[in-house]
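Summary of the model geometry
One letter stands for each residue in the lines below.
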Amino acid sequence: MSTETDTQTEKPVVLELKNLQTHFFTDMGVARSVDGVSYKVHEGQTLGVVGESGCGKSVTALSIMGLIPRPPGKIVGGEILFEGRDLTKLTEAELRKIRGKEIAMIFQEPMTSLNPVYTVGDQIMEMMLNHEDITELEARERAIKLLEEVGIPSPEERVDNYPHNMSGGMRQRVMIAMSLACSPKLLLADEPTTALDVTIQAQILDLMNKLQKERNTAIVMITHDLGVVAETCDHVVVMYAGHVAEKADVFSLFENPCHPYTIALFKSIPDLVGKGGRLFTIDGMVPSAYNFPEGCRFQARCPFATEQCNTKPPMEEVEPEHFVACHHWREAKAYYAKEDAKEDAQQVEQEGAE
Amino acid sequence: MSTDSNNSTPMLQVRGLKKYFPIYKGLFRSLKGTVKAVDDLSFDLHAKETLGIVGESGCGKTTVGRSLLRLIEPTDGEAHFMGKDIFQLGASELRSFRKNMQIIFQDPYSSLNPRMTIGSIIGDALELHGIAQGDDKFEMSKELLVKVGLQASYINRYPHEFSGGQRQRIGIARAVALHPSFVVCDEAVSALDVSVQAQVINLLQDLQDEYDLSYMFIAHDLSVVKHISDRIAVMYLGRIVELSECDELYKKPLHPYTQALLSAIPEPKPRRKKDRIILRGEVPNPINPPKGCHFHPRCPIATAQCKIGTPPVLREVGPGHSVACHLV
């Protein structure tokens, strides 16, 4: 168990990233995909990492797993502390002992992340046979039990199925069974439900939640779906272009978003309650990883940007355990508060007229 | 968006649309069954209206859109549009008819020809339909690019030089180039990031106002569909199970499948914990759908009546609100 304890939540810290920097050195230049990311994950809790494509959320996860292709990728700075040990300093052989056993990962694509020429049973058993001293028969028994636990009907037969015999939702269940085979302390879930239908997504999230409660696993949930974050996460990190824009517990982030990017992101999702009208948009698009601007990386799309934004904004504590990296978050908040008030007033007027 | 469109005669009337895909197996490719991808679908689409079509993968929503444009040949049915039955048109007639109906595809990465410049992707449609040639064509293509929020100077570039959102704008420019009155948006914003998705949805709505377009908006993201649609059809295994005005559907879903589908949407509100209906099992195989109501094996309220006979038919239960369920 961890030696560190966070005073706020009283739960031990399983994973801590300190100023992690993962860069890719390619012919086109240096892509600073992850550039100074810090966060903590506590035992039995879920940390959500949100952001648009290219913000570095998956590269962060791959860095933790030690799965960054080298070259061109390289962890150029920072620490990945897993139960006090810095994973960036370990050799490949030492990492292999941890990977799969202590830290497991669920990938986005259940269609492509299973090996099509092995049965699902073999793939689940491989994990156990590699990491634990058990016989093949015992491993098979445990694989069947795991399949049952993740809700696959008639697991005794399904264990000998190949991935192509299964639907997307079933394959994702197999992925989960595989990742849980050695009861890891930390589970990295990279968009685990993005490729699934909404009713199947509900089943899978429910399952992950149940298994987390039983096993007290720490989960890093990487997603772009703010709905999934709201329903599953305890803490949230919002990433933009390789930087952390804002981090907080899920309630303060959703009720009191402070970074102009976070606010805009929330405003641009179509609402299930409200109706019609124009959606709020963020002008422009995410800059390319090869030429991120100096300082704040959101400045080109930010209506509040000034010259000051050319220097990297520090992490400021807005309220306890709620951090934002923006020079102008106060202005942004004040501005959007006024806008919202105006909109509400208009709506009341409209309703009155009707 | 229109509100009074329901009173006018529908612009597109679809009756009994069926699309069965045969399955051939074995050495002699003998017929082993059929996939009833779309089974007996009837609905109307009014002018300037957006009809949302939602459902899980494999429910046939894409097949509906493609058969209406005759990109795949329907097995049976009628689709009356501008006084003609789309399904009866001959090859040359169909080609000129396509001016009136267009499609925006899901994947902006694979739906644009990588060897064609943006100018020819948009301009070819204009030329083939005899609308413009040469310099005129060039100018019109540029205008269209500006209209969808891109720079006119992009006209000589190739698709790989653009981001996903920009490519989707190019796909939209191509679709509206011929001033169609009916556009099928097949998961048109599904592949885009949230902030870019909002831009493209706004663009679609602006174009609808400007060109008086009718959209058939096919998507699996229920909050996007709600935002953009006037009416929504919910599909399950090739059939419409519920069809209603947008607000009514979300406030008062009647079919148990619609109820489960709506309750499964994760909402970006951490304090609101919903009583979620979690469906058991998965969408059954459409080659061999369950007898009776196709939904009964997953339905929380199914009775003996649901397990036998033919699937329940879509019937009107309130003004503009139809449901296919024995128990409603």
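Before reading on, note that the structure itself is shown above.
Residues numbered from 1 in each chain as written. Chains lettered and ligands numbered in written order. Predicted model: local features only at pLDDT ≥ 70, side-chain atom pairs only at ≥ 80, totals over all residues.

Description of the overall build of chain B
Here is the rule we go by: Here a helix means four or more residues in a row that DSSP labels H or I, a strand means two or more in a row labelled E, and each is numbered from the N terminus. This radius of gyration counts C-alpha atoms alone. The globule rule is 2.2 Å times how many residues there are, raised to the power 0.38. Buried means a residue has 20 or more other C-beta atoms within 10 Å of its own C-beta, exposed means 12 or fewer, and partly exposed covers the counts in between; C-beta atoms are placed from the backbone. In this description, any two residues whose backbone-derived C-beta atoms lie within 7 Å of each other are considered to be in contact.
Check the secondary structure of chain B and you find nine helices and twelve strands. Taken over C-alpha atoms, the radius of gyration comes to 21 Å for chain B, in line with the 20 Å a tight globule of 328 residues would show. Overall, chain B is about 70 × 60 × 45 Å in size when its C-alpha atoms are taken along their principal axes. Evaluated residue by residue, chain B yields a buried proportion of 48% over its 328 residues. In chain B, 65% of the contacts between residues at least 6 apart in sequence involve partners at least 24 apart.

Observations concerning the interface of chain B and chain A
In plain terms, the rule: Three residue categories are used. Nonpolar comprises Ala, Val, Leu, Ile, Met, Phe, Trp, Tyr, Cys and Pro, charged comprises Asp, Glu, Lys and Arg, and polar comprises the others, including Gly.
Chain B puts 35 residues into the contact, and the matching count from chain A is 37 residues. In terms of residues, the side of chain B that touches chain A owes the most to one element, helix 6 (residues 194–211) of chain B, which gives seven residues. Among the residues making up the side of chain B that touches chain A, the classes are represented as 17 nonpolar, nine polar and nine charged.

Quick look at the nonpolar core
Stated formally: Note on terminology: a nonpolar core is a set of buried residues of type Ala, Val, Leu, Ile, Met, Phe, Trp, Tyr or Cys, with members joined through C-beta atoms within 7 Å.
Ala 177 and Val 220 of chain A together with Cys 185, Phe 217, Val 234 and Ile 240 of chain B are the most contacted members of the largest nonpolar core, which totals 190 residues. Contacts of Ile 240 of chain B, omitting those with residues within four sequence positions, involve Leu 41, Phe 43, Ala 233, Val 234, Met 235, Leu 314 and Ala 324 of chain B.

Quick look at helix 10 (residues 260–267) of chain A
Most of helix 10 of chain A sits out of view: six of its eight residues are buried. Among the residues making up helix 10 of chain A, those that are buried are Pro 260, Tyr 261, Thr 262, Ile 263, Ala 264 and Leu 265 of chain A. Buried residues along helix 10 of chain A sit in contact with strand 9 (235–240), strand 10 (243–249) and helix 11 (329–353) of chain A together with helix 6 of chain B.

Remarks on the pairing of strand 11 (residues 315–318) of chain B
Residues and elements named next belong to chain B. Put simply, the rule reads: Strand pairing is defined by DSSP finding a minimum of two bridges between the two strands.
Bridge count for strand 11 against strand 12 (residues 321–323) is three bridges, and the pairing is antiparallel. Each residue of the ladder has a partner; that of Gly 318, found in strand 12, is His 321. Linkage of strand 11 to strand 12, two consecutive antiparallel strands, is achieved through a turn of two residues, within which Gly 320 is found at a positive phi near 65 degrees.

Side note on the sheet that holds strand 9 of chain A
For sheets, the rule is that strands pair by backbone hydrogen bonds, running either parallel or antiparallel. Residue and element names in this part refer to chain A. Test applied: An axis is simply a line fitted to the C-alpha atoms; with a helix, the fit covers only the stretch in contact. Between two such axes, the angle follows the N-to-C directions and lies from 0 to 180 degrees.
Taking strand neighbours across the sheet as the criterion, the eight strands line up as 6-7-8-3-9-10-12-11 in an open arrangement whose pairing is mixed. Each edge of the sheet is formed by a strand with only one pairing partner; in this case those strands are strand 6 (103–106) and strand 11 (316–319). Between one strand and the next, the sheet's axes are offset by a mean angle of 20 degrees, whatever the strand orientation. Relative to strand 8 (residues 218–223), strand 7 (residues 186–190) runs parallel, the two sharing five bridges. Opposite Leu 188, over in strand 8, you have Val 220 as the bridge partner. Along the sheet, helix 6 (residues 168–180) contacts strand 6 and strand 7; its crossing angle with strand 6, the most-contacted strand, is approximately 175 degrees.

A word on helix 5 (residues 164–176) of chain B
All names here are of chain B. The following threshold applies: A helix is expected to span 1.5 Å multiplied by its residue count minus one.
In this model, helix 5 (13 residues) spans 19 Å end to end at C-alpha, consistent with the 18 Å of a helix rising 1.5 Å per residue. Across the 13 residues of helix 5, twelve count as buried, placing the element largely inside the fold. Of the positions making up helix 5, those classed as buried are Gly 165, Gln 166, Arg 167, Gln 168, Arg 169, Ile 170, Gly 171, Ile 172, Ala 173, Arg 174, Ala 175 and Val 176. If you follow the buried residues of helix 5, they end up packed against strand 6 (101–104), helix 3 (118–128), helix 4 (134–147), strand 7 (182–186) and helix 6.

Here's the deal with the sheet that holds strand 2 (residues 29–42) of chain A
All names here are of chain A. Spatially, four strands are ordered 2-1-4-5 in an open sheet, and the strand pairing comes out antiparallel. The open sheet is flanked by strand 2 and strand 5 (85–86), the only strands paired with a single partner. As paired strands, strand 1 (residues 13–26) and strand 4 (residues 73–82) are joined by eight bridges and run antiparallel to one another. Each residue of the ladder has a partner; that of Gln 21, found in strand 4, is Gly 77. In this fold helix 1 (residues 57–65) packs onto strand 1, strand 2 and strand 4, with an angle of close to 70 degrees to the strand it touches most, strand 2.

Some details on unusual backbone geometry
Cis peptide bonds are those with omega within 30 degrees of zero, and the linkage from Arg 70 of chain A to Pro 71 of chain A qualifies with -20 degrees. Cis geometry is adopted by the peptide bond preceding Pro 72 of chain A, which originates at Pro 71 of chain A and carries an omega value of 5 degrees. One can find Pro 72 of chain A in the loop between helix 1 and strand 4. The residue Glu 191 of chain A is not glycine, and still its phi comes out positive at about 50 degrees. Tracing the sequence through the fold places Glu 191 of chain A in the loop between strand 7 and helix 7 (198–215). Its identity is not glycine, yet Asp 212 of chain B carries a phi of approximately 55 degrees, on the positive side. Checked against the element boundaries, Asp 212 of chain B lands in the loop between helix 6 and strand 8 (214–218).

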